[in-house]
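Analysis of the macromolecular model
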Amino acid sequence: MGGCVNRDAQKQSERVQKFAQDVVVPVQVAKPTVRDLAETFEVTGQIVTSEEAMIAAEVPGRIVASYVKDGDFVRAGQVIARQDTNQSTVRYRQALAGLRSAQAQLAQALTDARVSPNRSTASVRAAQAQLDQAKASLRRVRAGDRSEQRRQVQAQVDAARTAMENAKKTLERFRNLYKEGAVSKQEVEQYETAYAQALSGYEQVLEMQRMQQTGARPEDIAIAEQQVRAAEEGLRQAQAAKQLDPQLQMRVDAARAAVESAQESVNLGQVDLASTMIKAPFSGQIQGSPVPVGTYLGPGTVFAKMVGGGGSFFEGDVPELKLGEVQVGRSVTVRMDSLAGRTFIGTVRSVSPSANSVGRIFKVRIGLLAITPEVKPGMFARGQIETRVVSGATVLPKTVVLSDSKGKYVMIKEGDAAKRVTVTTGLETKDVIEVAGVDKTADVIVVGHEELADKAKVRLAEAKK
């Protein structure tokens, strides 16, 4: 039975083949096209934003003006509300007054640091001179005076009187200048000291002269010795005061620090004043109704909610099996059903490093180009992600490619006959498929090719209108 031949089937096949060769089949043809072909898959998700902020007051104050309402678009740095500035203005003026006071104290400290060392040096010299003079007087009292010494003492008296009178006049002049505000109190004190020293010197030489006239008595010698001791004590005090001069520089440093602290207080006051102007941190849209005018806001109290437009993304869900096909930088076409199917172009920005616990779904973030105000966070969207791109691919409609046990093929028209051409396929989309093995100039049969046999007779048919 295995060797029997079905003669009837053979005859029938021959009749069909003969009929197929005799019948002229009407067909339509098209040439392959060359273009860039991209493979995509769809992800679904929603529009999200990374720029969402609660705009709050930085300083306490009542809202006196509001310049936005729900849905308004604002620019980065735009003033959207203004608070009452009375308290901030008072604090700023207080800080300015503190700064001026600190600056005056620094100026006084600098003057003292410049003048006081000279004054203390002069005091030491004067005290040393008084001590020398007291010692000389003691020597004279003990030794007794000659006529020449009497004349010398008289000359000293005259000189001391003149010095005392000059010091007194100078002191009176500086006191008047101080009343007029031309000199400082320290300078007046300096000349008071000089006058007191001149007066003391004058009295000492007068005493010397009296002692000289009356002769050296025990009590005179005791007085002269006491004057020497007093002069020594005065010198020690002047030297001690001189050792305090380095502290003047410390006062200058402290005064400078006080000025810096006061300046920072002024800067803070300026910041407080500027903060009464509530500004948009970025460009975007006001979401919800802002706080009404007249409301008192404390630091951190929210005035309005704002959503940025420039920071909007399409966030889609990618299954684990497709994750390897999603790469950063891939082009994506995003369509939004709520906007009548309007599409936007974007690129893959990032892929989440881990999946959620349900369904092994990864989040992919896609940045959108040329986004418009109609696109709002929370909108549903669909994205077509390019997973592979072939440049210069030869493509045909997917329905043209046929297959049987021998492989895939297409039918082309050569003259008045159909010819079978074996092809290999590559990337395919919803409508077309990449093919290799067919000439780009060939007339590929696109209508009427399903039942054609190799070498069947064909003719061009008019396309249906």
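For the structure itself, consult the block above.
Residues numbered from 1 in each chain as written. Predicted model: local features only at pLDDT ≥ 70, side-chain atom pairs only at ≥ 80, totals over all residues. Heavy atoms only, no water.

**Some thoughts on the overall build of the chain**
Along the chain, the regular secondary structure elements total six helices and 22 strands. Taking the intrachain contacts of the chain between residues at least 6 apart in sequence as the baseline, contacts between residues at least 24 apart amount to 77%. Counting every atom, the chain has about 27,300 Å² of accessible surface; 51% of that belongs to carbon and sulfur. (Helix = DSSP H or I, 4+ residues; strand = E, 2+ residues; numbered from the N terminus. Contact = heavy atoms within 4.5 Å. Areas by Shrake-Rupley, 256 points an atom, 1.4 Å probe, with all protein chains shown as cover.)

**With respect to the packing of aromatic side chains**
Applying the stated criterion across every chain, the model contains one aromatic pair. Ring geometry for F174 against Y191: centres 4.2 Å apart, planes inclined by 25°, an arrangement best described as stacked. Of this pair, F174 sits in helix α3 (residues 147-179) while Y191 sits in helix α4 (residues 185-214), and the two are 17 residues apart along the sequence. We classify Y191 as partly exposed; its relative accessible area is 27%. The cationic tip of K185 hangs over the ring face of Y178; the distance from NZ or CZ to the ring centre is 5.5 Å. Geometry around Y409 places R420 over its ring, the cationic atom sitting 3.8 Å from the centre. (Phe/Tyr/Trp six-rings, centres within 6.5 Å; stacked < 30°, edge-to-face > 60°. Buried < 20%, exposed > 50% of the residue type's maximum accessible area, 1.4 Å probe, protein only. Lys NZ or Arg CZ within 6 Å of the ring centre and 35° of its normal.)

**Observations regarding the sheet that holds strand β6 (residues 79-83)**
The four strands are arranged β7-β6-β4-β9 in an open sheet whose pairing can be described as antiparallel. In this open sheet, the two edge strands, each paired with only one partner strand, are β7 (277-279) and β9 (296-297). Sheet topology note: the strand β4 (residues 61-66)/β6 ladder contains three bridges and is antiparallel. Bridge assignment links S66 to a residue of β6, and that residue is A81. (Pairing = 2+ DSSP bridges.)

**So, the layout of surface pockets**
The space that makes up the largest pocket amounts to roughly 320 Å³. Together, 15 residues line the largest pocket, and R119, S120, S123, Q190 and T193 are the ones closest to its centre. Residue assignment for the lining of the largest pocket shows that the elements contributing at least two residues are α2 (86-143), α4 and α5 (218-243). (1 Å grid on protein atoms, 1.4 Å probe; cavity = no way out; pocket = protein on both sides within 12 Å on 5 of 7 lines; lining within 4 Å. Points joined across faces, edges and corners; volume = space filled by probe spheres on them.)

**What about helix α6 (residues 246-275)?**
Counting along an α-helix, one turn takes 3.6 residues, and residues three or four places apart therefore face a common direction. Given a rise of 1.5 Å per residue, 30 residues ought to cover 44 Å, and the 44 Å separating the end C-alpha atoms of α6 matches this to within 8%. When α6 is considered as a whole, its buried residues turn out to be L248, V252, A255, V259, A262, V266, G269 and S275. (Expected span 1.5 Å × (residues − 1).)

**Concerning the nonpolar core**
Membership of the largest hydrophobic core comes to 19 residues, with the highest contact counts inside it found for I47, F314, M336 and I385. Those elements that place two or more of their residues in this core are β2 (33-49), β11 (312-319), β12 (331-336), β13 (342-351), β14 (361-368) and β15 (380-397). Residues within four places of I385 in sequence aside, it is in contact with E39, T40, F41, V43, V326, R330, S331, V332, V348 and I366. With 17 residues, the next largest nonpolar core counts A81, A280, V291 and A304 among its residues. (Core = buried A, V, L, I, M, F, W, Y, C linked by side-chain atoms within 4.5 Å.)

**Notes on unusual backbone geometry**
For K455, which is not a glycine, the phi torsion comes out positive at approximately 75°. Checked against the element boundaries, K455 lands in the loop between β21 (444-447) and β22 (457-460). Using a relative accessible area of 64% as the deciding quantity, one classes K455 as exposed.

**With respect to the pattern of salt bridges**
Applying the stated criterion across every chain, the model contains 14 salt bridges. When the shortest N-O distance is used, the salt bridge between R175 and E192 registers 3.4 Å. With R175 in helix α3 and E192 in helix α4, this pair connects stretches of sequence that are 17 residues apart. For R175, a relative accessible area of 39% translates into the label partly exposed. E192 gets classed as partly exposed once you look at its relative accessible area, which sits at 27%. One salt bridge in this structure joins R420 and D404, with 2.6 Å as the shortest N-O distance. Here D404 lies in strand β16 (residues 402-404) and R420 lies in strand β18 (residues 417-422), a separation of 16 residues in the sequence. Residue R420 is classed as partly exposed on the basis of its relative accessible area of 24%. Shared partners join several salt bridges into a network, and the residues in it are E42, R335, D337 and R382. (Salt bridge = Lys/Arg side-chain N within 4 Å of Asp/Glu carboxyl O.)

**So, α5**
Its 26 residues place the ends of α5 38 Å apart at the C-alpha level, agreeing with the 38 Å of an ideal helix rising 1.5 Å per residue. Those residues of α5 that fall on the buried side of the exposure criterion are D220, A224, Q227, V228, A231, L235 and A238.

**A short note on the pairing of strand β20 (residues 432-436)**
With respect to burial, β20 is a largely interior element, four of its five residues being buried. In this antiparallel pair of consecutive strands, strand β19 (residues 424-428) and β20, the connection spans three residues.

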